[in-house]
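Spelled out, the chains give:
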Amino acid sequence: MDLFTQLFGSLLAFVYHCFDRIVIYGYLSGLSRPERVVNFFHQVVGVPMVSREILSQRTADYQNWVEAFARNHRIPIEWAEKGVRKEDHVLPWQRRMVRAESYGVYYILKSMEQGPTFRVTVPKYPTKDANYRILARQRSRFTHYYFYIRDETLGPMVMRIASFLPFQTTYYLNGHSFIEQELNRAGIGFRKTDNAFLAVDDVAALQAAADRLSPEIIRQRLDYWTLILGPKFSAKERTRLNLSRFYAIAQIEYCRNFIFKRHFPIHKLFERSCELGLWRLTGDKIAAIFGTRVNRRLRGKLATVIDRVEHGHHVFRAYFKHAFLKQYEKFATYLRNELVSNNLADFHLRKGLDHLNAVRQRFLTITDRFASFQAQWLNVHVDFPLLQRLALPITVGTVRYPGIKLHDPRLIRLLEVLLHGGSHIGGWSVKQIHQTVISTFHLSDRRYAINQLRYDLRKLKGHGLLQRDGSRYAYRLSPKGVQVALLFLFFHKRLCGPLANSRFHHRPAASHQPHSKLETAYHRADKAIQHIVDLLAA
């Protein structure tokens, strides 16, 4: 359990950590290099000369197959519109698949994008082989297909396939979708919004499902969909070329989610975390969180910023090389710490899919350090926003009420009288309150006039500390007023009083303590408070 969870455990409903977004590249091992492509066409296909037309024929064959696949399975296929988010465009079809409880491809989008390919050129000078051509890598703009899939194991996923050799494939996965499928199979109830779980019947089962996402499960499902939707090769070509797919992690996000019981603390914690993060999260601390030290050979940036996406929420970011830690609040329900990496070499990790578990352990440690740093900054007792808010004047409608000061003796006397007036069930009238105050504290009418009392009552009522008994002009403390009155009196009687009048402060003798559990508990609490007072006085 991290320090952040220990500090705010009473406010938290539950905490879980998991992979969020995973982007994986799939490479054809037999067609990744120019020389292998030449050998493939010469020795396997039997083409004497690799030309632009030969390469284009492979592209045309695959594009025709995709069109036929969409037509035979009645799957919508169209060009992606500029300025329209692809996930939002296909969301209605995804919801239909969920309602029908069916799996498979439900939409195909085409997009002109940059991708790796090969360029064929004729040698500048004649060679002995008339069929010799120069095949080199290049990046060019051509058609890519986005297959939107609902998988039985991984849930909703996206598979992008380039239509030109070497047919590089990109897979977009979400760890929350995998967890959702696991919980559904186990029959565990939950409530999920977007990519976050807001409620779950069994928190341990939620975390166990997140930990079950393994390289073996991912590879099995990617191999299946690549065989179904990827470019086609004959049995002879697959056998002689020994085609296989190598999966590498291009981008990965690991998140730690703090789900709160109430909405109010989330914004306050995030606001304070941003303030402290910008001030205290220096380059040395960022490097310590990521498990390294700042030196002259460190490349990349170490910085903290607060971003705000248009029409979105604020995001606190701490940059480290090609990675960054970000924290944000969402849906006024949860606070998320998320580590994003675009190059695993920054963490001395390998990008192969087989090393996913090592990535999980390293990222879990880093997010734990980040949460611990924030918990240390937030674990202070100098911030008291309640007293600060009460001291400020407020405006209710067109009426302006002055603030309530902690050192005002008139209000302290009034709150003490109202707090100990438990016998007045129907509330206090103004004359009753006035008579009780002046008799309790031995004041004269001139020292504390009834008009002064009416002014103080109006002030308490404006701040929501006092309420009337129906339509009668009788008053009593509201639930908030009882808490504030207790707080003010504790400050004066147990802290301010002993510090200011320590010379005349007298404590009951321990020898005269009655033999009761209540008195024993009281003296134990009194001793602890006295220890705090002694520390403050020192």
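In this text the structure is predicted, and so the values were computed from the model without any measurement.

Conventions we followed
Residues numbered from 1 in each chain as written. Predicted model: local features only at pLDDT ≥ 70, side-chain atom pairs only at ≥ 80, totals over all residues. Heavy atoms only, no water. Helix = DSSP H or I, 4+ residues; strand = E, 2+ residues; numbered from the N terminus. Buried < 20%, exposed > 50% of the residue type's maximum accessible area, 1.4 Å probe, protein only. Contact = heavy atoms within 4.5 Å. Areas by Shrake-Rupley, 256 points an atom, 1.4 Å probe, with all protein chains shown as cover. Polar contact = N/O pair within 3.5 Å; in protein donor to acceptor, adjacent residues only side chain to side chain. Pairing = 2+ DSSP bridges. Axes fitted to C-alpha atoms, helices over the stretch in contact; angles between N-to-C directions. Salt bridge = Lys/Arg side-chain N within 4 Å of Asp/Glu carboxyl O. Patch = residues over 30% accessible without salt bridge, like charges linked within 9 Å, V, L, I, M, F, W, Y side chains within 5 Å.

Next up on the list: the overall build of the protein. Secondary structure summary: the protein contains 17 helices and 17 strands in total. A total of 538 residues make up the protein; the buried ones form 44% of that total. Contacts in the protein between residues at least 24 apart in sequence constitute 66% of all its contacts with a sequence separation of at least 6. Total accessible area on the protein stands at roughly 30,100 Å², and carbon and sulfur atoms take up 52% of it.

Inspection of helix α13 (residues 409-419) places Leu411, Ile412, Leu414, Leu415, Glu416, Val417 and Leu418 among the buried residues, and these make up the whole buried set. Residue aspartate 408 occupies the N-cap position of α13, its side-chain oxygen lying 3.2 Å from the main-chain nitrogen of arginine 410.

Here we take up the sheet that holds strand β4 (residues 134-151). The strand order β2-β3-β4-β5-β6-β1-β9-β13-β12-β11-β10 describes an open sheet built from 11 strands, whose pairing is mixed. Of all the strands in the sheet, just β2 (77-79) and β10 (302-308) have a single pairing partner and so form its edges. Taken pair by pair, the neighbouring strands of this sheet meet at an average axis angle of 20°, ignoring direction. With respect to the sheet, helix α2 (residues 34-45) is in contact with β3 (104-121) and β4, its orientation differing from that of β4 by roughly 85°.

Take the pattern of salt bridges next. On inspection of all chains with the given rule, the structure shows 13 salt bridges. In this structure, the salt-bridge partner of arginine 336 is aspartate 20, at a minimum N-O distance of 3.6 Å. One end of the pair, arginine 336, is in strand β13 (residues 334-341); the other, aspartate 20, is in strand β1 (residues 12-28), and 316 residues separate them in sequence. Taking the relative accessible area as the measure of exposure, arginine 336 reaches 0% and is therefore buried. For aspartate 20, a relative accessible area of 3% corresponds to the buried category. Among the ionic pairs, glutamate 275 bridges to arginine 272, the shortest N-O distance being 2.9 Å. Taken together, the residues glutamate 275 and arginine 272, both in helix α9 (residues 264-280) and three residues apart, mark about one turn of the helix. Among the residues examined, arginine 272 registers a relative accessible area of 29% and is labelled partly exposed.

Below, the discussion takes up a nonpolar patch on the surface. Together, Val482, Leu486 and Phe490 give the surface a local cluster of nonpolar side chains, amounting to about 250 Å² of exposed area. Within the secondary structure, phenylalanine 490 sits in helix α16 (residues 479-500).

Moving on: the pairing of β4. Two elements, β3 and β4, share 17 bridges in a ladder whose sense is antiparallel. Opposite methionine 112, over in β4, you have threonine 143 as the bridge partner. Direction of pairing for β4 relative to strand β5 (residues 155-162): antiparallel, over a ladder of eight bridges. Along β5, the bridge assignment pairs histidine 144 with alanine 162.

With that settled, consider the side chain of threonine 117. Looking at the element boundaries, threonine 117 is found in strand β3. One polar contact links the side chain of threonine 117 to the main-chain carbonyl oxygen of leucine 165, over a distance of 3.3 Å. Other than its neighbours up to four places away in sequence, threonine 117 contacts Ala136, Arg137, Gln138, Ser140, Phe142, Phe164, Leu165 and Pro166.

This part is about unusual backbone geometry. In this structure, the amide linkage connecting leucine 165 to the following residue, proline 166, adopts the cis form with an omega of 10°. Within the fold, proline 166 resides in the loop between β5 and β6 (169-174). One non-glycine residue, arginine 74, lies in positive phi territory at about 55°. Within the fold, arginine 74 resides in the loop between α3 (52-72) and β2. A relative accessible area of 79% places arginine 74 in the exposed class. You will see that lysine 321, though not glycine, has its phi angle at about 55°, which is positive. Looking at the secondary structure, you find lysine 321 in the loop between β11 (314-320) and β12 (323-330).

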